[in-house]
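Chain residues, written in single-letter form:
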Amino acid sequence: MTTTSAPDEPLSVARTLRLAVAQSTVPEDPTDRGALRAAGQEIRALMVEAAEAGARLVQFPEGAITYPSKHVMAAGPAGELVPADWSRAAWDVMREEAESITALAGKLGLWTVFGSIHPLTPPNRPHNSLYVVSDHGQLVARYDKRFLSHTEVSYLYSPGHQPLVIEVDGIRLGFALSIEANFPEVFAEYERLDVDCVLLSVMVDDAPRARVAQAYGTLYNYWIGYAIPAQFSATAPSGIVAPGGRWLARCPANGHPALAIADIDLDSQDEDINMAVRRARPWRRSARAGLYDERTPVGDPRSDVRTAF
């Protein structure tokens, strides 16, 4: 696990972070240089909008610069799936766009989290990653998707190996990508790591995925940032889930780029958030830690399933 904090953090840190969750247009062809540049331009426009709204951190979808379609990168001559030929990807454009996003984050003083593919030394396949850029315009961390689909692990990517936790303004953030929503152990692990919010970025046209994300806010009583591509937003737009499971903010479900903005406030007095953070979460932790062990009756015949009513 990697943990990092904002540089030059004051001794007394805030307990509130304004989060912006974006739905941006995600291109699926990493060989299309024009589409990659358009994606970068749209990301930067939404970053400016987020900064103007007072956001401290903006989250983008999985593969925000590009999420390569298997039909583009791993299709054989007869339409069968084959290992992707990553030499075809416009890596120079992806790098230039990532560098421009990083530079703008520094100018805006805005923490920025965006998805792209991360190259490894051949013959290793790339990672499917989230880049974390600080408000000083520095790449400070990278989360590599650990649980991959069958197609991803067979033909496209190398899996990552560890969770990632960073701290911004006193708020602890964890990260997950798309299909990892179907692995509850990822989100249970972040509960054990004491995060306040998990940023889940996806590239899927799937309404149940958003409901699963909302459920983690209910189960683990932390905030969830849910970022989805604009082209899929009519099914389930980007948004922010409060501890307890309520949607705090959602983008329009209209297929267009947008932002959902809400405050992660550890001192929130909202009734449902207060109950989730200060009562439900500590109680569930104590229950998991063995609260009931010493309260289980010993030698009580009523605990014997063979005992009659």
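Parameters and conventions
Every chain is numbered on its own, with residues counted from 1 as its sequence reads. Only residues with pLDDT of at least 70 are given local features in this predicted model, and only at 80 or more are side-chain atom pairs given and counted; all residues enter the totals for whole chains, interfaces and linings. Only hydrogens and water are set aside when side-chain values are computed; all heavy atoms of the structure are taken into account. What counts as a helix is a DSSP run of H or I of at least four residues, what counts as a strand is a run of E of at least two, and both are numbered from the N terminus. Take the residue count of a helix, subtract one, and multiply by 1.5 Å to get its expected span. Note on exposure labels: buried denotes an accessible area under 20% of the residue type's maximum, exposed denotes more than 50%, and partly exposed covers the range between, all computed with a 1.4 Å probe on protein chains only. In what follows, a contact means two residues having at least one pair of non-hydrogen atoms within 4.5 Å. Here, strands pair whenever DSSP counts at least two bridges between them. Axis angles are defined between N-to-C directions and span 0 to 180 degrees, where every axis is a line fitted to C-alpha atoms and, for a helix, only to the segment in contact. Summarising the geometry, the arc corresponds to the directions from the helix axis toward the C-beta atoms. An angle below 35 degrees is read as roughly parallel, one above 145 as roughly antiparallel, one from 65 to 115 as roughly perpendicular, and any other as oblique. Only Asp, Glu, Lys and Arg are considered charged, only Ala, Val, Leu, Ile, Met, Phe, Trp, Tyr, Cys and Pro nonpolar, and every remaining residue, Gly among them, polar.

Enquirer: In this structure, what is going on with helix α3 (residues 91–108)? I would like to understand it.
Expert: An α-helical segment advances 3.6 residues per turn. Residues three or four places apart therefore align on the same side. The terminal C-alpha atoms of α3, which comprises 18 residues, lie 26 Å apart, in line with the 26 Å expected from a rise of 1.5 Å per residue. Among all positions in α3, only V93, M94, E97, A98, I101, T102, L104 and A105 are buried. Contacts made by the buried residues of α3 are with α1 (33–52), β4 (111–118), β5 (127–133) and β6 (139–144). G109 sits one or two residues past α3 and shows a positive phi near 65 degrees.

Enquirer: Looking at this structure, how should I read the sheet that holds strand β2 (residues 16–23)?
Expert: Two modes of strand pairing occur in sheets, parallel and antiparallel, and in both the strands are linked by backbone hydrogen bonds. Taken in spatial order, the 6 strands of this open sheet run β6-β5-β4-β3-β2-β13, and their pairing is mixed. A strand with exactly one partner marks an edge of an open sheet, and here the two such strands are β6 and β13 (258–265). Neighbour-to-neighbour, the strand axes of this sheet turn through a mean angle of 25 degrees, independent of strand direction. In this structure, β2 lies alongside strand β3 (residues 57–59), joined through 3 bridges in parallel fashion. Bridge pairing in β3 links V21 to Q59.

Enquirer: Explain helix α6 (residues 207–220) to me, please; I cannot follow it from the model alone.
Expert: Taking 1.5 Å as the rise per residue, α6 with 14 residues should run 20 Å; its terminal C-alpha atoms sit 21 Å apart, in good agreement. Here α6 has its buried residues at R209, A210, A213, Y216, G217 and Y220. Down the axis of α6, the buried set is contained in an arc of 110 degrees. They therefore lie on one face. The secondary structure elements touched by the buried residues of α6 are α5 (184–192), β9 (197–201), β10 (223–227), β11 (239–241), β12 (247–250) and α7 (271–288). After α6 finishes, the residue N221 shows a positive phi value of roughly 60 degrees.

Enquirer: Could you clarify how one ought to interpret the environment of V198 in this entry?
Expert: Along the chain, V198 turns up in strand β9. Taking the relative accessible area as the measure of exposure, V198 reaches 0% and is therefore buried. Counting along the chain gives 18 residues from V198 to Y216, while the straight-line C-alpha distance between them is 9.3 Å. Ignoring any residue separated from it by four or fewer positions in sequence, one finds V198 in contact with G174, F175, A176, F187, Y190, Y222, W223, I224 and G225.

Enquirer: Sorry if this is basic, but what is going on with the packing of α6 against α7 here?
Expert: The axes of two packed helices give the description: the angle between them and the distance between them. Two elements in contact, α6 and α7, have axes separated by 8 Å at closest approach and are oriented at 75 degrees. Judged on the interaxial angle alone, α7 and α6 are roughly perpendicular. Between α6 and α7, the residues in contact are T218, L219 and Y220 and R281, R284 and R288, respectively. The class makeup of the residues in the contact of α6 with α7 is 2 nonpolar, 1 polar and 3 charged.

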